[in-house]
Every structure is written in structure tokens, then in C-alpha cells.
2 protein chains.
Amino acid sequence: MPETYRVGLLGHGTVGAAFEQLLAERADAIAHITGYQPQVTGVLTRSRGDFDEILANSDLIVELIGGIEPARDYVLRAMQAGKHVVSANKLLLATYGEELWSCARSNEVQLRFEGAVAGVVPVIRVLQESLAGAHVERIHGIVNGTTNFILTEMARAGATYEGALQRAQELGYAEADPTDDVTGRDAAAKMAILARLAFSTPVHLDQVPYEGIEHITAEDVAYARDLGLGLKLIGTAERVDGGISVRVHPAFLYPGHPLASVNGSFNAVTIESDAITEITLSGPGAGGAQTASAVLGDVISAMIPPASTPETSEALAIVEDVENAFYLSMEVDDQPGVLAQVAEVLGMQGASIKSVLQRGMDGHARLTMVLHPLLESRFYGAVQLVSRMAFVRSQPRAIRVIEEEFE
Amino acid sequence: MPETYRVGLLGHGTVGAAFEQLLAERADAIAHITGYQPQVTGVLTRSRGDFDEILANSDLIVELIGGIEPARDYVLRAMQAGKHVVSANKLLLATYGEELWSCARSNEVQLRFEGAVAGVVPVIRVLQESLAGAHVERIHGIVNGTTNFILTEMARAGATYEGALQRAQELGYAEADPTDDVTGRDAAAKMAILARLAFSTPVHLDQVPYEGIEHITAEDVAYARDLGLGLKLIGTAERVDGGISVRVHPAFLYPGHPLASVNGSFNAVTIESDAITEITLSGPGAGGAQTASAVLGDVISAMIPPASTPETSEALAIVEDVENAFYLSMEVDDQPGVLAQVAEVLGMQGASIKSVLQRGMDGHARLTMVLHPLLESRFYGAVQLVSRMAFVRSQPRAIRVIEEEFE
Ligand SMILES: NC(=O)c1ccc[n+]([C@@H]2O[C@H](COP(=O)([O-])OP(=O)(O)OC[C@H]3O[C@@H](n4cnc5c(N)ncnc54)[C@H](OP(=O)(O)O)[C@@H]3O)[C@@H](O)[C@H]2O)c1
Ligand SMILES: NC(=O)c1ccc[n+]([C@@H]2O[C@H](COP(=O)([O-])OP(=O)(O)OC[C@H]3O[C@@H](n4cnc5c(N)ncnc54)[C@H](OP(=O)(O)O)[C@@H]3O)[C@@H](O)[C@H]2O)c1
């Protein structure tokens, strides 16, 4: 009979309960791999368990409470007591990451958090281990399953945002209060964590500007389809001018892009670096069983050998104004010379048109175009000028376009 | 100045030379992560270096010679001398894997081999670590870049097999002697390694039946396109009837399948398991720099902590006759009742038609169909009967179809 490895479980909700069940199912197989029989020896919820007692009787703590406090306090105290910690808490890591990692380093324990980003998609391990020696240039990610489900519904069924959101709620892909998901804040927290690991520089959630999908219309999706594009909520973390930029916004993708075919509630992350070209990892982005599986992979790794905890080695500036290609769509009077005048105003701001579609609709017309990349500040300046032109009948809609086409 | 970590490099060809360069470029960043400054302290080729001397002066051996001997002998001797080994040698691992892993275990050293399968796509690490606790049900992989490039060319440009192969050779995606790639043998070796890790049961290259792409015609690809399918060389490793089946063959995929959009020389692997649903990893499958990057990730991991070496824990039977859906295409006389008679003969063997396309071509017709899954032995029995029917004018063409459609 192998020795017991004692796991203290904080939180017993969607993920916590799934984790306890999965651990029990796989305990014998894990004992074969590690030489120890893992077992949940204590559970803390609001109504049962005592943290200090659980801590004293555990070799490792799994934190699945969520939120900042008391999760932060428990995680710190566990590491100070010399215990490894596994957590799926993106909010905690995106806001108190430096404090937690530094605590892990000084107590020589492991802090693992695969479940915090993209569910079972093993992007944390790949960044920290497979690509430990790589100079990562850029990450693009679909890291929120709720919004990807909604956008997929809108594209497939021509649904409105509200209709798609309701369907997502009915199917359990969106919470009753979907704010964190649909505003892009959840994705921003995940991108902060990925950027921190990729670039070895501190990145806090507050440094990640985000834009959500609440204002995306069925028309945006339909017109984009005419241009051969698909719409996703994309997180970007990239090196720019010796600094970095980390941000989240809706963006159009060309069909050849590896993220373009990621549908439904799936997540996917593309990592680019000179030596590797680019790799893409995809899979279910959330769900109790899936996240529990990511947590379990971390627990097993912690049971075997000490992994390094990431120390920052860079202090890169966060670049605010970056280049992007844009989609721009507006209603205009159906009269000669409109396109030429719009093109001239755009051109004065350095914006040049890559492709354009003009479609008459009794009396007026819709002008939809994709612009070559330019600084966002210049783009928004140009849009202001265009919106003031006499023949422009609707507020122009602007959405970013990811330009890369991959093989 | 951190202490030097001495790397002995066996082989200095495409991958070996790229690895030496990458290690030098990234040495300072690696020293930051690991606390040791890695350095190539000896190189062995046919014309320079002495193995015993290199071994004595190394902390770790990187084997990039390829083939069985002398690579096997060197790897064994290095581990017996207590050195970690990193290799990209799929042939060696698919044939002498058990001997090597057992040697690693008894000498308590690491044997890492991410570069041996799918280049920079981190499938080995994900199987061994992220999914260490998962019960893997099935793996589908595009694990040979040469054949995927050729098939992509045939689909895109309507090229013949010979034309696409020539183009692959001109662009450096295929070797002068492409036999191992186009016959499926290279992919079979990689699938043997993946199956071994996924199912913890011994799998030898000789137990993996494989079929290549040499006999695929431009017509197969064109007709399949009419049915909405794409053609790939697919490696499969799955649990069947309490045993496993590991095999490689051309197969048609529906457009929703995560491997359907993997084009050019890219590789991709989909891993399915109850708890995770399915994850897909994709990226460049080969190339000196890419493979060197995978090797470097392994070297860094070996520099930090001891990883477990996989021990077999199962002795699963290899199942020979498995179910598959099939595409079947043949020329027939253009006369009434042909389809009904073919359907009847197929039905007698338990084969039922899922979709069918009949197209007249002056005087005769081409009958193309997709059959629902059935045991391969029964399918080939049915094909024999059909091919003997009087109105069948060409040898029927049979190609497997992967049925799963994913979201
Ligand atoms: N759900 C997913 O698909 C998913 C995916 C990825 C990551 N995550 C992350 O996983 C973590 C857990 O998510 P979840 O969906 O499992 O949450 P959940 O269903 O709301 O469960 C939270 C658990 O924590 C307990 N808890 C809350 N406050 C507590 C307190 N002050 N003291 C002790 N226990 C407390 C709750 O206790 P009671 O039972 O007493 O209420 C409950 O058992 C979060 O960080 C989340 O971001 C979730
Ligand atoms: N090329 C790829 O894209 C790729 C991708 C994945 C995996 N791999 C694997 O990586 C390994 C190396 O491939 P490669 O393409 O780099 O091969 P390569 O270009 O042919 O280089 C082989 C190297 O090994 C040396 N060598 C051969 N026989 C030797 C012997 N008896 N004693 C000492 N040295 C010997 C050669 O020496 P000389 O210089 O004296 O000829 C050469 O430096 C293989 O296992 C291959 O399967 C390659």
C-alpha cells in the first residue's frame, strides 16, 4: 500500500466537487505514476471545515474558492507553511501574482495554476516549460468560452447578441450575471497571466485594456461574412517597440488564421516565436470536469518534482498606442463620390483602404471596408473626421482585424 | 557567473547545428531560469569528436544522430553513466523504447524526447505531464509534415501526387528519398510512441500497420471535395474492446474536425478523454530550428528537476480488426439499377450507405459513396464482392473516413 499524499481542498463548488470526484477515480493510476496515493483529507466551504486544521493535515492545498479574499490569505498561509498550492483562480493571479510567486519562491514551494487560463488547454505548462527557452513574440488567444459561444451563435444562426446570450445562459455556457465574461474582463485577467509568463515582466489586470462583445450587432457579423471574415473576442499579448502591449477586443480573422475555426465554447491560444514559428493549443475552455482535469495535472506534477516558480527578469514598458488593421462600416447617402471623399479623409490620417464593399439599400448605402494597419490613435482620429461628413448617416462601426494569414 | 551546465552533442546535422546555435543564443536567459549557464562542451560527428571523452565531460547528452546504431549504444551508455539524455530519434524510441526507458529508470536519469514527435508541438509533455492523470481514450494525429504538404498541394492546386511530391522536394519539405514519409512508416513510429505514453502499454513500431499516400490520385481528392471532405494522412491510437489499435492511413475528414484545417507542413494532434473532452495541439512538424526548440525545452527541464520516466502499467492487446467508415468510388456502366445492386451486396456484408454521388461520364458513370462504420474485414469482403459485379468497370477505390464532427 503506497503512502497517502494528503490534499486539502478549499472550495467545493463546480470545480471543487468535480476535482474531488476525479481524484478519487484516478487515485490508483496516480499512485502507479508517483508512488503516493493521493486523497482529499479535508474540505473547506462556507459551512464546513476549518482552514488551520486542513492545512496542518495536508501535503498540498488546492484553492477553488475564487475571488480575492479569503483565497489570497489562504494561499499565502499555505505556502508559508511549506505546502505546494494548486489554484484555478485567474482573478487572484492577475492581481496579486507577484506577491504570490515571490512567496512561493521564498518558501521553496510550487504554485501551479493551469486551470486558471483556458481550462484544460495546457498553455501555462507549455509557456513555462516547453517554451522556457524561447523568446516569445506574441500570443493571440480566445480565452473566454462564453463569448466565443455567443459569437459562434451569432455567426451561425444570425442571432442577435441578446438572443445568443440567452441561449448561452439556457445551455449553461453563461452565468446569470455574465458581466465579467461579456465585457472582456475575464479574458483580460487571463491575458495578464499569459503575458507575465511569456515576457517575464510584471503585468497587472489593471494594465490590460479590454473591450467586450455587448455592442456587437448581427449586422457586423453579417457584413464581415461578406468580406470573408469571422468575428472573435481576441486577447493579444505582444512585444511592441521594446515594450509590450496586452489587450482584449473583438476582432475579425481571416479564414486561414488558426483561431478562426475555434467555435462554440472552445478556447485556443496561438504562441509565436522565431524558433517555433507558431503553435496553437485548443480545447474546452471551462466546465467543472475540464478545469478539474487541469487542476489534477498540476497536483500530479507537484507530487513529483519541484518546478521553478517564474521570477520576473524583465521590466518592459506597456505600450498604449499600437497598430491594428480595422474594419469600418457606416451608412451613407447613396450619391456619387462618397467613397472617394471618405478615402481622402482617411488617407490624410495615414489610413489606407485594403478592401471595400458598397451596397445600396433604398435611398442610402452601406459602406464597409477593411483598412491596412495603422496606429489606433490615428485611426480613431480619422473616424471622428469621417463621422462628421455630411453624407454619413450612421455612427461608423469600428472593429479590429487580425491580419495574419497562416498556412 | 553561474556554474556551467555541460551539454554533450551527438550529431551536428540539420537539427544538431540548429540546436547548438539556439542554445548559445538563449544561454543567458536559461541561466536566469535555471541558475546554470548551459554550454555545448563537445560535439560528435562521423569526422570529429570522441564519444567517451564527450561523455566524461558532460552533464547531459543530446542525441541527434538518428537511426538505431550507434545512437542506441551511445544513449544507453550515457544513461548508465548517470547522465540525462535528450533525443529526437523517433525510430530508436519506437523500436527500443522499453529498453531505453527501463535503463533510464534503473539509473534514475531522465530520457526526454519531445523533438521525436510532431516537432515543436508539445504533445509528449502534455501526454506525460498535463494528462498524467487522465484516462486517454483516443489520439488522432497528423504527424508527418511531408505528406500533409503533399496532400494540401493536391487539394489546393489539383496537383497529381507526383507533381506535389516534386514541389515538396523543391521546397525542402521532402527528402530526395521520401520513402519513409510517403509510405506512412515515419508516422507509424511516432504513433507507436504516442500510444505507448497514452496507454502505458508497450507498443513497438512493428505492431503499427501503416498505409501511405503514394496511391492517392487527384481524382480521389476532387471527388471527396464534392462530398465536402478533406484528405489527410491520419495516425490513430485508440482503445478498442479492452485492447488498443494503433494505425496510420489516409482518411477523409469532415470540415468541422479539428485536424481538417491543418494545412501545409504543419502537424497536429487531438487527444480525447472523458474528463477533457478533447484538446488539439498544432504547429510546425519539423525543420531544424523548430525541432531544436523542442530539444531545448527538454534540456531546460532536465536541468531543473527529475521528471518521471514512463513505466508500463498495462499490457493491452493490440486489436487487429477495427471499425471504420469508408469512402468507396468506382466506375460503373451507366444503366438503371446499378446503385440498388451495389447497395444490396454491401448490405449483405453489413455495410450501409451514408451518402452517395453518381455522375454520368459519356457511356459510363462514377459511383462515389460514404459508408457507415463497419469492421474493416467486412468492408474489404464487401468490396471484393462488388468488384466482381459485371457492370463494375474499375477497381473500387477505398479510403477511410473519420466520422467525428466536432464543435
Ligand atoms: N466553473 C468553471 O468552469 C471554472 C473554469 C476555470 C476556472 N474556474 C475558477 O475556479 C474557481 C472556483 O470556481 P467554481 O465555479 O467552482 O466556483 P463555485 O461553484 O462558486 O464554488 C466556490 C466554492 O468556494 C466556497 N467558498 C466561497 N467563499 C468561501 C469562503 N469565504 N470560505 C470558504 N469557502 C468559500 C463555496 O462554498 P459554499 O459551497 O459554502 O458556497 C463553494 O464551495 C474560481 O477561481 C474560478 O474562477 C472555474
Ligand atoms: N530534420 C528534421 O527536421 C527532424 C525533425 C524531427 C526529428 N528529427 C530527428 O533528429 C535526428 C537528427 O536528424 P537530422 O535531420 O539533424 O540528421 P542529419 O542532418 O542527417 O544529421 C545527422 C548527424 O549525425 C551524425 N552522424 C551520423 N552517423 C554518425 C555516427 N555513426 N557517428 C557519429 N555521428 C554520426 C552526422 O555526422 P556527419 O556530419 O559526419 O555526417 C550528422 O552530423 C534524427 O533522429 C531525426 O529523426 C529530425
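Residues numbered from 1 in each chain as written. Chains lettered and ligands numbered in written order. Predicted model: local features only at pLDDT ≥ 70, side-chain atom pairs only at ≥ 80, totals over all residues. Heavy atoms only, no water.

1. A look at the domain arrangement of chain A
Residue and element names in this part refer to chain A. What counts is decided by this rule: For each domain, the first and last residues come from an automatic or database assignment. Note on contacts: a residue pair qualifies if any of its non-hydrogen atoms lie within 4.5 Å across the two residues. Summed over both partners, the accessible surface that disappears when two parts come together, traced with a 1.4 Å probe, is what is meant by buried area.
Taken domain by domain, chain A consists of domain 1 (4-116), domain 2 (123-283) and domain 3 (323-402). A separation of 28 Å is found between the C-alpha centroids of domain 1 and domain 2. Contacts between domain 1 and domain 2 engage 11 residues on the former and 17 residues on the latter. The contact between domain 1 and domain 2 buries some 1200 Å² in all, and 59% of this surface belongs to carbon and sulfur atoms. Of all residues in domain 1, A94, F113 and E114 give up the largest surface area on contact with domain 2, accounting jointly for 41% of the area buried on that side.

2. A word on the site of ligand 1
Residue and element names in this part refer to chain A. The line we're drawing: Residues are counted as near a molecule or strand when any one of their heavy atoms sits within 4 Å of it. Any N or O atom pair separated by 3.5 Å or less is treated as a polar contact, with the protein-specific requirement of one donor-capable and one acceptor-capable atom, and with residues adjacent in sequence counted only for side-chain atom pairs. To be clear on the numbers: accessible area is Shrake-Rupley with a 1.4 Å probe, and residue cover counts the displayed protein chains and nothing else. Polar here means any residue other than Ala, Val, Leu, Ile, Met, Phe, Trp, Tyr, Cys and Pro, which are nonpolar, and Asp, Glu, Lys and Arg, which are charged; Gly is therefore polar.
As a structural note, the neighbourhood of ligand 1 is formed by 19 residues, with H12, T14, V15, R46 and G287 the closest of them. At 3.2 Å from an oxygen atom of ligand 1 is found a main-chain nitrogen or oxygen belonging to G13. Between T14 and ligand 1, the recorded distance is 2.9 Å, taken from a backbone N or O atom to an oxygen atom. In isolation ligand 1 has 900 Å² of accessible area, and contact with the protein removes 72% of it. In terms of residue class, the shell around ligand 1 is made up of six nonpolar, 11 polar and two charged.

3. Considerations on the relation of the copies chain A and chain B
For clarity, the cut-off: A least-squares superposition brings the copies together, and it is based on the C-alpha atoms of residues with pLDDT no lower than 70 in both.
Mapping chain A onto chain B calls for a screw motion: a turn of 180° about the axis and a shift of 0.0 Å along it, with 0.0 Å RMSD after fitting. Here the two chains are linked by the operation of a two-fold rotation axis. Distance from the rotation axis, computed per C-alpha, reaches its smallest value in chain A at L281(A): 2.3 Å. Looking at the interface residues of chain A, 100% of them are also at the interface in chain B, so both copies use one shared face.

4. A word on the pairing of strand β8 (residues 243-253) of chain A
Residues and elements named next belong to chain A. Worth spelling out the cut-off: Remark: exposure states derive from per-residue accessible area (1.4 Å probe, protein chains only) relative to the maximum for the residue type, with buried under 20%, exposed over 50%, and partly exposed in between. What counts as a helix is a DSSP run of H or I of at least four residues, what counts as a strand is a run of E of at least two, and both are numbered from the N terminus. Note on pairing: two strands pair once DSSP finds at least 2 bridges between them.
In terms of burial, β8 is largely enclosed, as 11 of its 11 residues are buried. Burial of β8 is two-sided: the residues G243, S245, R247, H249, A251 and L253 facing one way and the residues I244, V246, V248, P250 and F252 facing the other way are all buried. Bridging between strand β7 (residues 230-240) and β8 involves 11 bridges; their strand directions are antiparallel. Across the sheet, the residue bridging to R239 is I244, located in β8. Once β7 ends, the chain turns through two residues before running back antiparallel as β8, passing D241 with a positive phi of about 50°.

5. Here's the deal with the UniProt feature "binding site: NADP(+)" (unreviewed entry) in chain A
Residue and element names in this part refer to chain A. Put simply, the test is: UniProt positions are given in the numbering used here, feature names are shortened, and annotations may be inferred rather than shown by experiment.
Those places that UniProt annotates as "binding site: NADP(+)" (unreviewed entry) correspond, in this numbering, to L10, G11, H12, G13, T14, V15, G16 and A17. Tracing the sequence through the fold places H12 in the loop between β1 (3-10) and α1 (14-34). In this structure H12 comes out as partly exposed when scored by relative accessible area, which is 27%. Those residues within four positions of H12 in sequence are excluded, and the remaining contacts are A17, E20, V43, L44, T45 and R48. Within the local environment of H12, its side chain forms a polar contact with the side chain of E20, the two groups lying 2.7 Å apart. Counting through the fold element by element, A17 comes out in helix α1.

6. A word on the packing of aromatic side chains
Where we set the bar: Two rings belonging to Phe, Tyr or Trp (six-membered ring only in the last case) form a pair when the distance between their centres is within 6.5 Å. Interplanar angles under 30 degrees mark stacking, angles over 60 mark edge-to-face geometry, and anything in between is tilted. Criterion for a charge above a ring: Arg CZ or Lys NZ at most 6 Å from the ring centre, at most 35 degrees from the ring normal.
A complete count under the given rule lists 16 aromatic pairs over all chains for this structure. Aromatic side chains F51(B) and Y74(B) sit 4.2 Å apart centroid to centroid with 20° between the ring planes, which places their arrangement in the stacked category. Taken together, the residues span a long stretch of sequence, with F51(B) in helix α2 (residues 51-56) and Y74(B) in helix α3 (residues 71-80) at a distance of 23 residues. In this structure F51(B) comes out as buried when scored by relative accessible area, which is 5%. Owing to a relative accessible area of 16%, Y74(B) belongs among the buried residues under this scheme. Put simply, the rings of F326(A), F379(A) and Y380(A) pair up and form one aromatic cluster. Over the face of the ring belonging to Y96(A) we find R72(A), whose NZ or CZ atom lies 4.6 Å from the ring centre.

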